[in-house]
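Structural overview for review
Chain by chain, the residues:
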Amino acid sequence: MGRGRAGAEQPQSSALRVARAIYSAPASRRERAARRCRPTLASGAGGPAGGRRARAAGGSRGPVPAPQRIEAAAGCFLQGPHFWHQCSRKRAFQIAKSFLPILEWLPNYRAKEWLISDIISGVSTGLVATLQGLAYALLVAVPVGYGLYSAFFPILTYFFLGTSRHISVGPFPVVSLMVGSVVLSMAPDEHFLIESINATGTNATGTLIDTESRDAQRVLIASTLTFLVGILQVIFGVLQIGFIVRYLADPLVGGFTTAAAFQVLVSQLKIVLNVSTKNYNGVLSIIYTLIETFEKIGTTNIADLIAGLLTIFVCMVVKELNDRFKHKIPIPIPIEVIVTIVATGISYAADLEKKYNAGIVKSIPRGFLPPEPPKVSLFSQMIAASFSIAIVAYAIAVSVGKVYATKYDYAIDGNQEFIAFGISNIFSGAFSCFVATTALSRTAVQESTGGKTQVAGIISAGIVLISIVALGKLLEPLQKSVLAAVVIANLKGMFMQVFDVPRLWRQNKVDAMIWVFTCIASIVLGLDLGLLAGLLFGLLTVVLRVQFPSWGGFGNIPGTDIYKKVKDYKNVIEPEGVKILKFASPIFYANIDGLKSSLKSTVGFDAVKVYNKRLKALRKIQKLIKKGKLKATKNGIISEPGINNEAFETDEDPEDNQDLQVPTKEVEIQVDWNSELPVKVNIPKVPIHSLILDFGAVTFLDIVAVRSIKTIIKEFERIDVRVYFASYQDNLISQLERSAFFDDTVRKDMFFLTVHDAVLYIRNQMTYSDNKDPIFEKIALMQESKEPIEFTETSRPGDELDVQEEAMRRLAS
C-alpha cells in the first residue's frame, strides 16, 4: 500500500519540482531549458537519444511515464511565444483548408495516375456541357449564348471551394425551368410591344415585339436572381443550416423532379414544333400551354419537327446502348456532340432557315461581356422564388455529390457546399449567367470517362471557353429544335422515376402518397408552389403519424423478461391485475388525447367515470343509512332484520337531501366495488390494481403532456390503481423535475428501468400489501356525521386542468 501511494505521489512531486524550477530559474536558464525541451516534445522524455537508448536496451515504444510527460509539458510552456506561434499557424492553415478545400486535395494530387484520366474526362464533359448550356438557356428564356457563360463561370469558383470531386457544375433543367418561370413572369412579351416602325421582331400573330429590349431585360432578371440565390446560399452555409435539405425527402424529390421533367417537356415541345404560344406562368400554366400548343399545331414547321424527332430517337437509343454496354465501352459515345455537329452541318448546307423557315440559333456572342452589378430593386419581387431555387439547387447538387462520395469513399461537407455554390452563383451572376447546380447526366459523363477530381471540371471549363471564344460562330446555323430535343432526351432518367411509385406503395404507402401529391401539385400549381405544397404535405404526414402513433397492450413471454404486443403474439401472457401500455411517440399537446384514448382501450374502463359512479353509489348508501334501510358493519352493508330491503333504488330516482336525523355510529366497513352492491348503480368493474406505461419510445414531453399525465396518475390513484413508468429516456426525469411533476403523490419510485423490473416490484408489493380500500375514510365519516357529505362529480381534479381548458376559461371570462 505504501509503495502504491508513493507511486501515486511521484507525478505530483515531479510537477512541483518543475514548477519550482520554472519560477526560480533566471531568464537565460529558462531559455536554455526551452531549447532542451524541444527534442523532448518531439520524441518523448529523454529526447531522441534517450529514446534510441531505451529501444537499444530492449525497451519498446510505449507511453511516456507520467513524471516525464509533466516535465515535457513544462518544457513546452517554457517555449513561450514560439510554441504558440507554431500552433496558431497550424490552426490558421486548418481554417484555410476548411474554406478552400483545394488546399486539402491538390497537394495530394497524383498526377501520374490521374492526369490523363482527368484530361479525357474534362474534354468529354466539356463538349456535353457546351451543348447543354445552349439547350438549357432555352428553358430560362434567354438567348442561347448565355448558356455558355453559365456552363463556364461557376466551375471556376467551385474548383477552389467545392468538396465534391466528381460533380460537374453548371445548368440543370429543373433549376433552369424554375429560373425561367421567374423571368417570364417578370418580363413577358406583353411588356415589350412596340409600333411597327420600331419593330425588331414579329410574333406569329403579327404583334410586334422589341426582342432586343426583351432579351436584355430577361438576362438582367436571370442574373439578378442568380446573384440573390447565391447570397441566400452563402447565408445558409455561414449559419450552418445545411440540415434544411433533410426535409426534402427522397419521395418528395422524386415527385418534384418528375413533375419538373413534365414541365420541361411541355416547354420544349413548342420549340420542337416551332409553334408560337403565349408565355404562361403560375397555376395551371402547363395546361394552358398544352391547350394553345395543340390549337396551333397546324402551324408546325416540318423541318424542325423532323430534326427534333430524329435527335430524340438517336440520342435515346445511343444512351441506352451506353448504359447497357458501359462495361465494354471505355468512354461513352458523346451522342449529343455528334448529333449537334451533324445537325449544324445539314442546316448550314441546306439553308433550312431561308428555304423552310426553320428556327435557328442565329447569333451567339463571341467573347465575354463585362461584369454588371445586379438590379437590387428587383430583389423584393423574386425573394420567395429565390429561396426555393436556392434550396432545390443545393439539394440536387448535394444528393448527386453524396452518391459519388459514397462510391469513392470520401466525405463532402454540406455547409461548405452551400458556401461554394453560393459564391459561384454570386460570381457568375455578375457575368450574366443563370443559376448553377449540377446535372445528373453531365456528372455521369465526367465520372464514367475516368474523372478523378475537379481537375476534370476545370478542363471542361476550358473546352467551354474555346466554344465561347472561337466556336460560337460555327453553331449559329444550329436549329433550336435540335437543342430542345437534346433537353428532352436527357429527361429519360427523370421520367423513369414513375416506376418507383408501385415499389413505394408496397414498401410504404405514406411515402408513395408524398411522391404522387408532390408530382401532381408541381404540375398543377407550378414548381415553386408545388414544392412548397409537397413539403407541407410531407410534414403533415409526419405530424399525423406522431399524433396518431402505434400503441398497444403488452404481455410477457413466459420464462423471459421480454414483453411483446398482445395482439401480435399468441403466447404472451398479461400479468394478473396489471395492464402494460406502450405509446410509441413523443407526447405533446396534439396527441395527448390519443394517449388518454389508448389508456381507456387498454384497461377497459374510464377512470373518471368509475370514480363518479362510485361517488354516486356512496351518496345512495349514505341516504339509505340515514333512512335506516341499510346498516354499515365491519362485514359490509346489510339490511336491518325484519325490514324489507328497499335499497335497490333506480339510478333515475330523485335524491332526497332531507336530514333524517338517523343516529349512526362510526363503523369501518369494506366496499367491494367489483361485487354486487345494495344500490342499483351500474359501476364499471376495475379488474386491475396496477398500470405500467412503457415510455421507451417517448423522447420528449411538453408542459401539456406533463400536466395531463399527472392528472391521469391521480385519476387512477382515486380508484386504487397504481401507475408506474418503465423504460423511460434519461432526459425525461430532468424534464419532469423542471415541470414540477413530482410531489407527495407522484414520486420518483414510480419509475423503473425496464418493464420487467416494474412487474417484479408490483408482484412483491401485492404479496405483502393489505389491500385496504381508500373509501374507508369516507364511509367512517358518513357513519359519524349527521349532515350529508358533499360529493362533487368532476371530470378531473380542479387543479390539474389542461392548458387549453384554462385558456378557454380565461377567454370566456
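Residues numbered from 1 in each chain as written. Predicted model: local features only at pLDDT ≥ 70, side-chain atom pairs only at ≥ 80, totals over all residues. Heavy atoms only, no water.

Looking only at helices and strands, the chain has 31 helices and ten strands in total. Put simply, the chain has 813 residues, and 47% of those count as buried. Counting contacts in the chain only where the partners sit at least 6 residues apart, residues at least 24 apart contribute 80% of the total. (Helix = DSSP H or I, 4+ residues; strand = E, 2+ residues; numbered from the N terminus. Buried < 20%, exposed > 50% of the residue type's maximum accessible area, 1.4 Å probe, protein only. Contact = heavy atoms within 4.5 Å.)

Through backbone hydrogen bonds, the strands of a sheet pair up, either in parallel or in antiparallel fashion. The strand order across the open sheet formed by six strands is β4-β3-β5-β8-β9-β10, and the pairing between neighbours is mixed. Of all strands in the sheet, those with a lone pairing partner are β4 (563-565) and β10 (751-752), marking the two edges. Two elements, strand β9 (residues 722-726) and β10, share two bridges in a ladder whose sense is parallel. For A726, the partnering residue across the bridge sits in β10 and is F752. Contacting β8 (690-694) and β9, helix α27 (residues 703-718) runs over the sheet at an angle of about 140° to β9. (Pairing = 2+ DSSP bridges. Axes fitted to C-alpha atoms, helices over the stretch in contact; angles between N-to-C directions.)

Now for the confidence of the model for the chain. Parts of the prediction with low pLDDT should not have their coordinates interpreted in detail. Averaged over all residues, the pLDDT of the chain equals 79, while 76% of them reach at least 70. Long-range and interchain partners of residues 1-15, a stretch whose pLDDT sits below 50, account for seven contacts in this model, where long-range means more than four residues apart. (pLDDT = per-residue confidence, 0-100.)

Here the focus is the pairing of strand β3 (residues 551-556). The side chains of a regular strand alternate, residue by residue, between the two faces of the sheet. Among the six residues that make up β3, five are buried, leaving the element largely enclosed by the rest of the structure. By the bridge criterion, three bridges tie β3 to strand β5 (residues 578-583) in an arrangement that is antiparallel. Bridge pairing in β5 places G553 opposite L581. Where β3 meets β4, three bridges bridge the pair, whose relative direction is antiparallel. Within β4, the residue paired with N556 across the bridge is Y563. The hairpin formed by β3 and β4 contains six residues between the paired strands, and G559 there has a positive phi angle of roughly 85°.

The subject of this paragraph is helix α20 (residues 480-489). Most of α20 is tucked away: nine of the ten residues are buried. Along α20, the residues that are buried comprise S481, V482, L483, A484, A485, V486, V487, I488 and A489. Residues of α20 that are buried sit in contact with α7 (111-140), α11 (250-273), α13 (302-324), α14 (335-350) and α21 (492-495).

Right, let's get into the packing of aromatic side chains. Taken as a whole, this structure holds 29 aromatic pairs when the rule is applied. Taking 4.7 Å as the distance between ring centres and 15° as the angle between the ring planes, the aromatic pair formed by F725 and F751 counts as stacked. Of this pair, F725 sits in strand β9 while F751 sits in strand β10, and the two are 26 residues apart along the sequence. As far as the burial class goes, F725 and F751 line up, both buried. An aromatic cluster is defined as three or more aromatic residues linked by ring pairs; in this entry it consists of Y146, Y149, F152, F153, F368, F427 and F431. One Lys or Arg, K748, reaches over the ring of F742 and ends 5.6 Å from the middle of that ring. (Phe/Tyr/Trp six-rings, centres within 6.5 Å; stacked < 30°, edge-to-face > 60°. Lys NZ or Arg CZ within 6 Å of the ring centre and 35° of its normal.)

This part takes up unusual backbone geometry. A positive phi angle, near 65°, is found at A141, a position not held by glycine. By the element assignment, A141 lies in the loop between α7 and α8 (145-161). Judged by relative accessible area, which is 17%, A141 ranks as buried. Phi at D409 takes a positive value of approximately 60°, unusual for a residue other than glycine. With respect to the element layout, D409 can be found in the loop between α16 (379-407) and α17 (414-429). Here D409 falls in the exposed class, since its relative accessible area comes to 70%.

A few words now on the packing of helix α25 (residues 592-603) against α27. How two helices pack is summed up by the angle between their axes together with the distance between the axes. Closest axis-to-axis distance for the α25/α27 pair is 10 Å, and the angle between their directions is 25°. Regarding the angle of α25 to α27, the classification is roughly parallel. Taken as a pair, α25 and α27 cross one another with a handedness that is right-handed. In this structure, α25 uses I592, L595, K596, L599 and V603 to contact α27, whose residues at the interface are V704, A705, S708, I709, I712 and F716. Residues of the contact of α25 with α27, tallied by class, amount to nine nonpolar, one polar and one charged. (Parallel < 35°, antiparallel > 145°, perpendicular 65-115°, else oblique. Left-handed = near helix turned anticlockwise from the far one by under 90°. Nonpolar A, V, L, I, M, F, W, Y, C, P; charged D, E, K, R; others polar.)

Here the focus is the environment of F159. Positionally, F159 belongs in helix α8. With relative accessibility at 11%, the residue F159 sits in the buried group. Sequence separation between F159 and V169 is ten residues; the distance between their C-alpha atoms is 9.3 Å.

Glancing now at the nonpolar core. Proteins that are soluble and globular tend to have nonpolar side chains buried together. V142, V144, V175, V179, M382, I389 and L483 are the most contacted members of the largest nonpolar core, which has 107 residues in total. It is α16 that contributes the most residues to this core, 16 residues altogether. With near-sequence residues (within four places) excluded, V142 lies in contact with A137, R218, V219, A222 and F434. F583, V603, L615 and A705 belong to the second largest nonpolar core, which has 37 residues in total. (Core = buried A, V, L, I, M, F, W, Y, C linked by side-chain atoms within 4.5 Å.)

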